[in-house]
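# Secondary and tertiary structure notes
One letter stands for each residue in the lines below.
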Amino acid sequence: MLLPPNTVIAKEKLTKYLLVFLPKDDKSQFLQKGGYTLENWQQLEIDLRLQVLKQPAKFVEETIYGSKYRIDATLKGVNGVEIEVTTIWMLTDQQAKFVTLVPNLSGNRE
C-alpha cells in the first residue's frame, strides 16, 4: 500500500527531534552521514516525500492512535551517500502522518 502524497511531515519532527543531537536515541549523527542538518531540514522533508513515501508501506499494528505502517528504504542523501532507513507512519481516517525515522543497520528491506 502506498501512503497518500499529502501525508503530514511535521517540521518540528525534523527540526526539534531528528536533526538535533539528543543524548539518548540520537538520530542526527546518522542523518549527517547523508548530509542532512538543521540548515537543510527542508531537503530531508523533500527526500522523505520523493524517495520514501513512494515505497510500499507495510502494516505493523493497530493502535489507539491509528494504523501503524513501516517503510524500509534507501535514502540518497544530499551529499550522494545512501543510508538505509526504517520510517514509521500513522494512518487514521482523517490523515496520514510521519512518526519517526531510525537507522536500518541490518540493511533489510523486507
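Structure's up top.
### Description of the packing of aromatic side chains
- Evaluation of the coordinates by the stated rule reveals 2 aromatic pairs.
- Their ring planes at 75 degrees and their centres at 5.6 Å tell us that Phe 59 and Tyr 69 sit as a pair that is edge-to-face. With Phe 59 in strand E1 (residues 58-63) and Tyr 69 in strand E2 (residues 66-76), this pair connects stretches of sequence that are 10 residues apart.
- Given a relative accessible area of 48%, Phe 59 falls into the partly exposed group.

### A closer look at the environment of Lys 11
- Considering the arrangement of structural elements, one finds Lys 11 in helix H1 (residues 11-18).
- Considered as a pair, Lys 11 and Gln 42 are 31 residues apart in the sequence and their alpha carbons are 8.3 Å apart.

### Topic: the side chain of Asp 47
- When you line up the elements, Asp 47 lands in helix H3 (residues 41-52).
- Despite its burial, Asp 47 pairs with no opposite charge; the closest candidate is Lys 76, at 10 Å N-O.
- Setting aside its immediate chain neighbours within four residues, Asp 47 contacts Tyr 36, Val 52, Leu 75, Lys 76 and Val 78.

### Topic: H3
- Between its terminal C-alpha atoms H3 stretches 16 Å, which fits the 16 Å expected from 12 residues at 1.5 Å a residue.
- Elements in contact with the buried residues of H3: H1, helix H2 (28-32), E2, strand E3 (82-91) and strand E4 (96-103).

### Here's the deal with H1
- Turning to H1, its buried residues are Leu 14, Thr 15 and Leu 18. Along the axis of H1, the buried residues cluster in a sector spanning 125 degrees; they form a single face.

### Focus: the environment of Val 52
- Relative to the helices and strands, Val 52 is located in helix H3.
- Taking the C-alpha atoms as reference points, Val 52 and Lys 11, 41 residues apart in sequence, are found 17 Å from one another.
- If sequence neighbours within four positions are ignored, Val 52 has contacts with Asp 47, Ile 71, Ala 73, Leu 75, Val 85, Thr 87 and Trp 89.

### As for the sheet that holds E3
- In space, the 4 strands of this open sheet follow the order E1-E2-E3-E4, with antiparallel pairing throughout. In this open sheet, the two strands that pair with only one neighbour each are E1 and E4. Each neighbouring strand pair of the sheet contributes to a mean axis angle of 30 degrees, computed without reference to strand direction.
- Both E3 and E4 contribute to a ladder of 7 bridges, which runs antiparallel. Bridging across to E4, Met 90 finds its partner in Lys 97.

### Considering the pattern of salt bridges
- Scanning the model with the defined rule gives 3 salt bridges in all.
- We note a salt bridge from Glu 61 to Lys 68, for which the minimum N-O separation is 3.3 Å.
- Assessed through its relative accessible area of 36%, Glu 61 is described here as partly exposed.
- Residue Lys 68 is classed as partly exposed on the basis of its relative accessible area, which comes to 23%.
- The shortest N-O distance in the salt bridge between Arg 70 and Asp 72 comes to 2.8 Å.

Basis of the calculations
- Residues numbered from 1 in each chain as written.
- Predicted model: local features only at pLDDT ≥ 70, side-chain atom pairs only at ≥ 80, totals over all residues.
- Heavy atoms only, no water.
- Phe/Tyr/Trp six-rings, centres within 6.5 Å; stacked < 30°, edge-to-face > 60°.
- Helix = DSSP H or I, 4+ residues; strand = E, 2+ residues; numbered from the N terminus.
- Buried < 20%, exposed > 50% of the residue type's maximum accessible area, 1.4 Å probe, protein only.
- Lys, Arg positive; Asp, Glu negative; His and termini not counted.
- Salt bridge = Lys/Arg side-chain N within 4 Å of Asp/Glu carboxyl O.
- Contact = heavy atoms within 4.5 Å.
- Expected span 1.5 Å × (residues − 1).
- Arc of directions from axis to C-beta.
- Pairing = 2+ DSSP bridges.
- Axes fitted to C-alpha atoms, helices over the stretch in contact; angles between N-to-C directions.

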